[in-house]
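Residue strings, one per chain:
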Amino acid sequence: QVQLVESGGGLVQAGGSLRLSCAASGRTFSSHIMGWFRQAPGKEREFVGAISWSSSSTAYADSVKGRFTISRDNSKNTVYLQMNGLKSEDTAVYYCALGNAPYISQNYDYWGQGTQVTVSS
């Protein structure tokens, strides 16, 4: 089994920045992808971005491209979601997940507990 532990959520003003962390343990992660998803009230779970453990290749949703950056620290089995220029529309519970392909939640087998990000205006 894999355990994903998220941290870094909180309340931030619009235009501010926040960095989320997700530490993974339980298995090796080569040939896997760490994805970030979010779910806001009244909306379905939405893909935010993903990074490959092996290559650092990334993918982002159009809604966050240019504002959010995913990075990794393989020695710590940790991925980060740096969020800049936050908007009220970014308010959601953010989840990290381990899977084999980006974009679709069904491609991910393990999920973190989620961390709340609230952007005030």
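Source: prediction; values computed, not measured.

## Quick notes on the pairing of strand β8 (residues 78-83)
Here β8 lies mainly inside the structure; 5 of its 6 residues are buried. Relative to β8, strand β3 (residues 18-25) runs antiparallel, the two sharing 6 bridges. Its bridge partner being in β8, Cys-22 is matched across the sheet by Val-79. As paired elements, strand β7 (residues 68-73) and β8 share 6 bridges and run antiparallel to each other. Bridging across to β8, Thr-69 finds its partner in Gln-82. Between the end of β7 and the start of β8, which pair antiparallel, lie 4 residues, with Asn-77 showing a positive phi angle near 50 degrees.

## Side note on unusual backbone geometry
Backbone phi values are negative for most residues with the exception of glycine, while trans is the configuration of most peptide bonds. Residue Ser-56 is not a glycine yet carries a positive backbone phi of 70 degrees. One non-glycine residue, Asn-77, lies in positive phi territory at about 50 degrees. Assignment of secondary structure puts Asn-77 in the loop between β7 and β8. Judged by relative accessible area, which is 28%, Asn-77 ranks as partly exposed.

Reading the values: the criteria
Residues numbered from 1 in each chain as written. Predicted model: local features only at pLDDT ≥ 70, side-chain atom pairs only at ≥ 80, totals over all residues. Heavy atoms only, no water. Buried < 20%, exposed > 50% of the residue type's maximum accessible area, 1.4 Å probe, protein only. Helix = DSSP H or I, 4+ residues; strand = E, 2+ residues; numbered from the N terminus. Pairing = 2+ DSSP bridges.

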